[in-house]
Amino acid sequence: MKTLMTGNEAIARGAYEAGVLVASSYPGTPSTEIMENFSKYEDIYAEWAPNEKVAAEVAIGASIRGVRSFASMKHVGVNVAADSFMSYAYHGSNGGFVLITADEPNMFSSQNEQDNRLYAKHAKVALIEPSNSQECIDYMKYAYEISEKYDTTVLFRVTTRICHSKTVVELGKRTVPEVKQFEKNPKKYIMVPAHSRGRHPQIEINLEELRKYSNNCPLNRVEMGDTSVGIICNGISYEYAKEVMGNKASYLKIGFSNPLPDEMIKDFSKKVDKLYVIEENEPFMETQIKSWGINCTGKEIFPICGEFSPNLIREKLLGIEPEISYSTDLQAPSRPPVLCAGCPHRGLYQELKRYKNKAFFSGDIGCYGLGYLQPLEALDSIICMGASITAAQGFQRGNEMTGDTKYKAFALIGDSTFFHSGITGLVNMTYNNTPVTTIILDNSITAMTGHQENPSTGVTASGEITTKIDIEKLCLACGIKDKNIVTIDPYDLLATKNALKMGYDSKESFVIIAKRECALLKPIIKEREKMKCEVDPEKCTFCKLCLRTGCPALQIKGDKVFIDESQCNGCTVCLQVCSFDAIEKVGE
Amino acid sequence: MTKNILLVGVGGQGTILTSKIMSKGLLDAGYDVKMAEIHGMSQRGGSVTTQIRYGNKVYSPVIEKGTADIIVSFERSEALRWIEYLKKDGILILNEHQIQPFTVTLDLSEYPGNLIEEYKKMVVNFKSYDAFQIAKSIGNSKVMSIILLGSLIKYTGLNDIDWKKVIEESVPENFIDLNIEAFTKGYEVI
């Protein structure tokens, strides 16, 4: 049956058809829908883990047990999982193990555009790169055969354009291979120095075997056309190059890229007049090809930064610029992403911004990261998952060591991020007795990536009701004193204001839990469907104070504010802010 | 010959549902189809785009500048951001409905006033109406995207495909009639 699938749906399908039994993941754009889709299949185990390292290790455990498994994550998630990934590379595999990395050229929703192909070289494992959804299905099946036959982890690398583009696929049947038995084998599974010294030479032998495979596998293929131009390309760059050059060039399409098919590349280079290497981000292939003494053009003309497009390839390869027929001096208004109407984070930021001139706000990854934007502007740093609490501690210690205490350090972290890698930071905070106030913005869901369950939701990836981890008790267990934990509803501005004052004045580690479910959760939308706020135009003085909350439901008509009822959920933050009682609550 | 359709709008307006229905119809009719969209951060009230390409054999899922056969702008100003993608004699279908970003309400950015006139001057094949008002008139502002789908389909000339059947298979059962009414309105309004 032919159907349309995104790359992420197709990866999930490929894993299912390949007989994967266990999979674990932490959400992150552009990888999230891999697990969302995989968890819908039957006769599999799928879970959301609190972070990528946990996800990788759960999948590794299943691989040791002898079943096929995967862990999926965004590119920066591999940094979190790197410890287990690098170590398990020495073990090899028992059941096939695939680590899926979704890289993000152009950083649509990421803090960097690191090229994770380099991880495959670093860890000395096989690397596979599909170009479209059909290849996502087919190559996942190859990945498990390779992992088991060559005793290696397979790093399966996709990029945003592969993950989120829909292309036509043909579905196959699921085949679960005979499950391998687990046999006790300390030299393979216990990576103490004596065993690691034995494993490393074996990994080098495996790599040589993989190199031979790379030169003879269906994932690397030559498509001969006009021989005046030869193009070596991978992933989405293959589709772009074909779009632009068609049969006016010859192609060596690389789907298996570590180790590279050196003999194929040498052979191909002799058959074409001018050789180009087209790959997004790092010159991963190009550097190796040049080191073999092969003359080729790559990053001299194709950028390292950002993503490619057919436009870019046409311009760089043929010098042809697009034909623009329409242009105008008028500009569309700037439309950055914004906290939704009714977002519980808004109430917190509304009060927090009062401390802007006397506090340092150490932020984290999540919707609340948007708090750095106008008009809230109450965030001063975002580094990576879980860094808010730890960086705030370092900042506060810096204050003390310099004697300059102008900015008291606050940390802001969401529930999912707290479980991901915030807990160890909080333990360090109390262990080292640092007077930082940590605000946990608990909306009980992983919101920014589109509502994935987490330990505070009380529901698993497959929809089963489970233990809900109590964040307040967790903070107590981390050593925060009972009197230094305050839980508030961020829709209540007065309570929020009072809690922040306590946090600011505290000389000890302090935690504020701002607890209110995400406004976009389906049951919450239903529950609040009829709750609205309305502006009384008679009373509105157009002072614009309510607009300073940054709520997108607040709009202007003439010289009055009005509330877009299709967006409003009656959170009343604007009502509480208004000094003229011009906003009232309507509906139940 | 590959056809290029560009849907642009604001996160939450339903560009993804529209493209889903359209590409399903195209696939059933035997076309090769590719569709590009970006999820994640930009969805939170930000500017969004979905791109559909169809033909005998399609390679790139993304559309090049100056090659879009039709642009459907789900919001009055969003077409400005993408107008360079419209090919010569291409069609611009505009929903006149306006969504003010907070940058405008806070005077950080300007919402151009004479937009419709400007589009009319610039693009020969310009069609516009307020799909939001039509959606409200048939009882549900959420079917705005299906009204726009109706207009889009009219100008693609893809009349051999049974779109009503495709819609039936794509939306919840109790919303089928409403969506078909919306599609028909959109088809007939321009």
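Everything here concerns the structure above.
Residues numbered from 1 in each chain as written. Chains lettered and ligands numbered in written order. Predicted model: local features only at pLDDT ≥ 70, side-chain atom pairs only at ≥ 80, totals over all residues. Heavy atoms only, no water.

Asks: Sorry, what's going on with a negative patch on the surface here?
Replies: Residue and element names in this part refer to chain B. Taken together, Asp162, Glu168, Asp177 and Glu181 make up a surface patch of like negative charges. Counting through the fold element by element, Asp162 comes out in the loop between helix H6 (144–156) and helix H7 (163–168). A relative accessible area of 45% places Asp162 in the partly exposed class. (Patch = residues over 30% accessible without salt bridge, like charges linked within 9 Å, V, L, I, M, F, W, Y side chains within 5 Å. Areas by Shrake-Rupley, 256 points an atom, 1.4 Å probe, with all protein chains shown as cover. Salt bridge = Lys/Arg side-chain N within 4 Å of Asp/Glu carboxyl O. Lys, Arg positive; Asp, Glu negative; His and termini not counted. Charge placed at Lys NZ, Arg CZ, Asp CG, Glu CD. Helix = DSSP H or I, 4+ residues; strand = E, 2+ residues; numbered from the N terminus. Buried < 20%, exposed > 50% of the residue type's maximum accessible area, 1.4 Å probe, protein only.)

Asks: Mind showing me how you'd approach the pattern of salt bridges here?
Replies: Pairing of side chains with opposite charge becomes possible as their charged atoms draw close. One pass over the full model with this rule turns up 46 salt bridges over all chains. Two residues, Glu300 of chain A and Lys290 of chain A, come together in a salt bridge whose shortest N-O distance is 2.6 Å. In this pair, Glu300 of chain A is assigned in the loop between helix H12 (284–291) and helix H13 (310–318) and Lys290 of chain A in helix H12, connecting sequence segments 10 residues apart. We classify Glu300 of chain A as exposed; its relative accessible area is 51%. A salt bridge links Lys24 of chain B to Asp28 of chain B; the shortest N-O distance between them is 3.4 Å. With Lys24 of chain B and Asp28 of chain B both in helix H1 (residues 15–28), this residue pair falls four residues apart, about one helical turn. Taking relative accessible area as the criterion, Lys24 of chain B reaches 27% and is therefore assigned partly exposed. When salt bridges that share partners are traced, they join Asp103, Asp115, Arg117, Glu129, Arg157 and Glu279 of chain A into one network.

Asks: Looking at this model, I keep getting lost on the packing of helix H15 (residues 387–402) of chain A against helix H16 (residues 415–431) of chain A. Mind explaining?
Replies: Helix-helix packing is described using two parameters, namely the angle between the two axes and the distance between the axes. All names here are of chain A. Running from N to C, H15 and H16 point in directions that differ by 25 degrees, and their axes come no closer than 7 Å. The angle between H15 and H16 places the two elements in the roughly parallel class. Along the contact surface, H15 presents Ile389, Thr390 and Gln393, while H16 presents Phe418, Gly422, Gly425, Leu426, Asn428 and Met429. Class assignment of the residues belonging to the contact of H15 with H16 gives a composition of four nonpolar, five polar and no charged. (Axes fitted to C-alpha atoms, helices over the stretch in contact; angles between N-to-C directions. Parallel < 35°, antiparallel > 145°, perpendicular 65-115°, else oblique. Contact = heavy atoms within 4.5 Å. Nonpolar A, V, L, I, M, F, W, Y, C, P; charged D, E, K, R; others polar.)

Asks: What am I meant to see in helix H11 (residues 262–271) of chain A here?
Replies: An α-helical segment advances 3.6 residues per turn. Residues three or four places apart therefore align on the same side. All names here are of chain A. Residues Asp262, Met264, Ile265, Phe268 and Ser269 constitute the buried set of H11. The buried residues of H11 occupy an angular sector of 160 degrees when projected down its axis, which confines them to one face. Contacts made by the buried residues of H11 are with helix H9 (193–215), strand S9 (220–223), strand S10 (229–234), strand S11 (250–254), strand S13 (274–278) and H12. (Arc of directions from axis to C-beta.)

Asks: Whenever I open this one, the packing of aromatic side chains confuses me. Can you help?
Replies: Centre-to-centre distance and the angle between the planes together describe a pair of aromatic rings. Residue and element names in this part refer to chain A. Throughout the structure, instances matching the rule amount to 20 aromatic pairs over all chains. Residues Tyr150 and Tyr213 carry aromatic rings whose centres are separated by 5.4 Å and whose planes lie at 50 degrees to one another, so their mutual orientation is tilted. One end of the pair, Tyr150, is in the loop between helix H6 (133–149) and strand S7 (154–159); the other, Tyr213, is in helix H9, and 63 residues separate them in sequence. Each member of the pair, Tyr150 as well as Tyr213, is classed as buried. On the accessibility criterion, Tyr213 (16% relative accessible area) is buried. Each member of the aromatic cluster is reached from another via a ring pair, and the members are Tyr16, Phe38, Tyr41 and Phe70. Residue placement shows Lys358 over the ring face of Tyr504; its charged tip is 5.0 Å from the ring centre. (Phe/Tyr/Trp six-rings, centres within 6.5 Å; stacked < 30°, edge-to-face > 60°. Lys NZ or Arg CZ within 6 Å of the ring centre and 35° of its normal.)

Asks: When you look at the pairing of strand S15 (residues 408–414) of chain A in this model, what are you seeing that I'm missing?
Replies: Put simply, side chains in a regular strand alternate between the two faces of the sheet. Residue and element names in this part refer to chain A. When you tally the buried positions in S15, you get seven out of seven residues, the bulk of the element. Residues of S15 alternate between two faces, with Lys408, Phe410, Leu412 and Gly414 on one and Ala409, Ala411 and Ile413 on the opposite face, all of them buried. Pairing of strand S14 (residues 359–362) with S15, which is carried by four bridges, proceeds in the parallel orientation. Paired with Ala359 across the strands is Lys408, a residue of S15. Pairing geometry for S15 and strand S16 (residues 437–442), over five bridges, is parallel. Looking at the pairing, Phe410 lines up with Thr437 of S16. (Pairing = 2+ DSSP bridges.)

Asks: I tried to follow the sheet that holds strand S4 (residues 68–73) of chain B on my own but got confused; where do I start?
Replies: Pairing between sheet strands relies on hydrogen bonds along the backbone, with the strands arranged either parallel or antiparallel. Taken in spatial order, the eight strands of this open sheet run S1(A)-S8(A)-S2(B)-S3(B)-S1(B)-S4(B)-S5(B)-S6(B), and their pairing is mixed. Of all strands in the sheet, those with a lone pairing partner are strand S1 (2–6) of chain A together with strand S6 (125–129) of chain B, marking the two edges. Between one strand axis and the next, the sheet turns through 20 degrees on average, direction left out of account. The sheet contact formed by S4 of chain B and strand S5 (residues 86–95) of chain B spans five bridges and is parallel. Bridge assignment links Ser73 of chain B to a residue of S5 of chain B, and that residue is Leu94 of chain B. Contacts between H6 of chain B and the sheet are confined to strand S1 (3–10), strand S3 (47–55), S4, S5 and S6 of chain B, with S5 of chain B contributing the most and set at about 150 degrees to the helix.

Asks: Help me understand H1 of chain B in this model?
Replies: Residues and elements named next belong to chain B. Its 14 residues give H1 an end-to-end C-alpha distance of 20 Å, which sits within 8% of 20 Å, the value for a rise of 1.5 Å per residue. For H1, every residue scored as buried is listed here: Thr15, Thr18, Ser19, Ile21, Met22, Ser23, Gly25, Leu26 and Leu27. Following H1 by one or two positions, Gly30 adopts a phi angle in the positive range, close to 95 degrees. (Expected span 1.5 Å × (residues − 1).)

Asks: What should I look at first to understand the nonpolar core in this one?
Replies: What tends to happen in soluble globular proteins is that the nonpolar side chains get buried as a cluster. Residues and elements named next belong to chain A. Phe38, Phe70, Phe156, Ile231 and Ile278 are the most contacted members of the largest nonpolar core, which totals 63 residues. Per element, the largest residue contribution to this core is seven residues, and it comes from H6. Formed jointly, this core draws a minimum of three residues from each of two domains, domain 1 (2–215) and domain 2 (220–318). With residues up to four places along the chain from it excluded, the contact list for Phe70 reads Ala15, Val20, Val22, Ala23, Ser24, Ile34, Met35, Phe38, Ala59, Val98, Ile100 and Tyr144. Leu339, Phe360, Ala392 and Leu441 belong to the second-largest nonpolar core, a separate cluster that totals 51 residues. (Core = buried A, V, L, I, M, F, W, Y, C linked by side-chain atoms within 4.5 Å. Domains from an automatic or database assignment.)

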